[in-house]
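Each chain, written out:
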Amino acid sequence: ATDDGWWRSAVIYQVYVRSFADGDGDGTGDLAGVRARLPYLAELGVEALWFTPWYRSPMKDGGYDVADYRAIDPAFGTLAEAEKLIAEARELGIRTIVDIVPNHVSDQHPWFRTALAGGPGRELFHFRPGRGEHGELPPNDWQSEFGGPAWTRLPDGDWYLHLFAPEQPDLNWAHPAVRQEHEDILRFWFERGVAGVRVDSAALLAKDPELPDVTDGRAPHPYVDRDELHDVYRAWRAVADEYGAVFVGEVWLPDTERFARYLRPDELHTAFNFSFLTCPWDADRLRTSIDDTLAEHAPVGAPATWVLCNHDVTRTVTRYGRADTGFDFATKAFGTPTDLALGTRRARAAALLSLALPGAVYVYQGEELGLPEADIPLDRIEDPMHARSGGTDPGRDGCRVPLPWAAGEPHAGFGGDPWLPQPDGWAAYAADRQAEDPGSMLSLYRAAIRLRPEFGDGPLTWLPAPDGVLAFTRADALCVVNLADTPVDLPAHTELLLHSGPLDTAGRLPGDTAVWLRA
Ligand code: TEU
């Protein structure tokens, strides 16, 4: 089947189901809430929805601990509702992308329960005896992404590997049953009309069977970006091509040559470009990130995939409102002064920048509302990263607060009492209030997504520009972003299409402002 290439330039909206909209009033987002908001998503103009895991899960890591890929978690709804949602969205021209988490399953997955009970299946995971006189030390020095050792010891003395939380035992990707099961999972969802799959932790699946210490310094790395991964993605691509379905990989690899290997024509179609997301608000750094990204994608013929935020990183408005916009899980808003007005100006300009670039763009829910990172009271934090960091890392809940839909309703119209507390002032960001405000972030995103086709499908050409200014043209449209502090003159143009903030009295472009022009 063919895929008509929609994914090469689509605007795709990330739905974190638990926090999107609550249709049954229990305080947790659900599929009923999403179905009720499809008109809102159609009006925003997005072409596809990426749902973070909606499968049955103990929710120890926001659903990234999957217990059954063939069932919707009861808190979200039923498989029948998911199939209706996929069909209703498609009626509106909106495709569905689901999330797959191949590196691990939940510790409540039947495979792990059986393995723990001494049944068959330990070979589907990484079980090892410990080191030390009594096996009391972990089998190697690997550390969990969330902090602490990547091993947990069982009563029977064996240890099992988990690169994330102990509730997420890593699968053994050398085992044929692991490979077969995931191809079956892909087919299960492709047969239900899903147009794409987002691949979680895509560079981490394969491990050196000897499980050597990282500090051995052995090359290649014992579990990051190993060559045998590409056999898996080539097999997955063959399955997807039967359905005209596509992949977007979560590939955290700073090495651009290694990153591009995932995007070869017989592997993943696209992968998130985190260099753009983690780039500081600086014209030279952003231009280099954009040029490097386009250069790394060109040889494999893959489109770039621009993203400013997701459910794992501090909200854009907050990141850009601080001196440091570095990304890492420990970089959070807490204790760092944030100028939300500055951050909002920059996030508005960044929205126009990302939506004018060649490739696809992902918009994380709430970014179109200009939501800031929220401070979550310590006793309400759910993200395992907080606990596993011994409380030093506040975790990622701050970018996962339930959305505000209606300013005048309880819980800002989200539904029941939200599973994460909405901060004071959250209702001011409500979608209904912003829909009526031509100057709102929502109005800006709606206008930009509507006007985005003016830039065509071709490559960009940089234009000469003063220090601190990015200016490029595609087709006969121009995008100019002034990241400096002083206003600059606009290039010659025939029409002003859109601007992220007011021009100055002389018609010049102020600092931290972007503009779209027709040449
Ligand atoms: O995140 C992946 C992840 O955390 C690592 O790839 C990390 O980003 C990288 O090593 C750089 O530090 C995904 C999901 O997005 C996240 O929500 C889950 O918690 C995680 O996988 C485990 O499934």
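Residues numbered from 1 in each chain as written. Predicted model: local features only at pLDDT ≥ 70, side-chain atom pairs only at ≥ 80, totals over all residues. Heavy atoms only, no water.

Trainee: Help me out: how do you make sense of the overall build of the protein chain in this one?
Mentor: A tally of helices and strands in the protein chain yields 14 helices and 18 strands. In terms of overall dimensions, the protein chain is globule-like: its C-alpha atoms have a radius of gyration of 23 Å, near the 24 Å expected for 519 residues. Each principal axis of the C-alpha distribution contributes one length, and for the protein chain these read about 75 × 50 × 50 Å. Sequence-distant contacts, at least 24 apart, represent 66% of the contacts inside the protein chain between residues at least 6 apart. (Helix = DSSP H or I, 4+ residues; strand = E, 2+ residues; numbered from the N terminus. Rg over C-alpha atoms; globule rule 2.2 N^0.38 Å. Contact = heavy atoms within 4.5 Å.)

Trainee: Mind showing me how you'd approach unusual backbone geometry here?
Mentor: Note on backbone geometry: most residues besides glycine have negative phi, and most peptide bonds are trans. For the bond running from A219 to P220, omega is 0°, close enough to zero to count as cis. Its place among the elements puts P220 in the loop between β9 (196-199) and α6 (229-243). In this structure, H411 is a non-glycine residue whose phi angle is positive, near 50°. Tracing the backbone through its elements, the reader meets H411 in the loop between α12 (384-388) and α13 (431-435). The residue A475 is not glycine, and still its phi comes out positive at about 55°. Residue classification places A475 among the exposed positions, given a relative accessible area of 61%. (Buried < 20%, exposed > 50% of the residue type's maximum accessible area, 1.4 Å probe, protein only.)

Trainee: In this structure, what is going on with the pairing of strand β2 (residues 48-51)? I would like to understand it.
Mentor: Side chains on a regular strand alternate between the two faces of the sheet. Burial along β2 is two-sided: the residues A48 and W50 and L49 and F51 are all buried. Bridging between strand β1 (residues 11-15) and β2 involves four bridges; their strand directions are parallel. Counterpart to Y13 in the pairing with β2 is L49. Direction of pairing for β2 relative to strand β5 (residues 95-100): parallel, over a ladder of three bridges. Residue pairing in the sheet places A48 in a bridge with R95 of β5. (Pairing = 2+ DSSP bridges.)

Trainee: Looking at this model, I keep getting lost on the packing of helix α5 (residues 176-190) against α6. Mind explaining?
Mentor: Angle between the axes and distance between the axes: these two values describe a pair of packed helices. Closest axis-to-axis distance for the α5/α6 pair is 10 Å, and the angle between their directions is 25°. By the criterion of interaxial angle, the relationship of α5 to α6 is roughly parallel. Considering the relative orientation of α5 and α6, their crossing is right-handed. In this structure, α5 contributes R179, H182, E183, L186, R187 and F190 to the contact, and α6 contributes D231, V232, A235, W236, V239, A240, E242 and Y243. Counted by class, the contact of α5 with α6 contains eight nonpolar, one polar and five charged residues. (Axes fitted to C-alpha atoms, helices over the stretch in contact; angles between N-to-C directions. Parallel < 35°, antiparallel > 145°, perpendicular 65-115°, else oblique. Left-handed = near helix turned anticlockwise from the far one by under 90°. Nonpolar A, V, L, I, M, F, W, Y, C, P; charged D, E, K, R; others polar.)

Trainee: How do you make sense of the site of the ligand when you look at a structure like this?
Mentor: Close to the ligand lie 18 residues; D61, E145, D200, D312 and R396 are nearest. Within the side chain of R198, one N or O atom sits 3.1 Å away from an oxygen atom of the ligand. With respect to the ligand, the side chain of E250 contributes an N or O atom lying 3.1 Å from an oxygen atom. Split into classes, the residues belonging to the shell around the ligand amount to six nonpolar, four polar and eight charged. (Near = heavy atom within 4 Å. Polar contact = N/O pair within 3.5 Å; in protein donor to acceptor, adjacent residues only side chain to side chain.)

Trainee: Sorry, what's going on with the sheet that holds β2 here?
Mentor: Consider a sheet: its strands pair through backbone hydrogen bonds, and that pairing is either parallel or antiparallel. Here we have eight strands laid out as an open sheet, ordered β11-β10-β9-β5-β2-β1-β13-β12, and parallel in their pairing. One side of each edge strand has no neighbouring strand; the edge strands of this open sheet are β11 (270-271) and β12 (305-307). Across the sheet, α5 lies against β5, β9 and β10 (246-249), angled at about 160° from β5, the strand it touches most.

Trainee: What exactly am I supposed to notice about the nonpolar core here?
Mentor: One broad trend across soluble globular proteins is that nonpolar side chains are buried collectively. The biggest cluster of nonpolar side chains holds 146 residues, and the ones touching the most others in it are Y13, W54, W189, Y233 and W516. Here W189 is in contact with W54, Y55, Y69, I72, L79, I86, V98 and V194, once residues within four sequence places are set aside. Counting 13 residues, the second largest nonpolar core, distinct from the first, contains F146, W151, L161 and F164. (Core = buried A, V, L, I, M, F, W, Y, C linked by side-chain atoms within 4.5 Å.)

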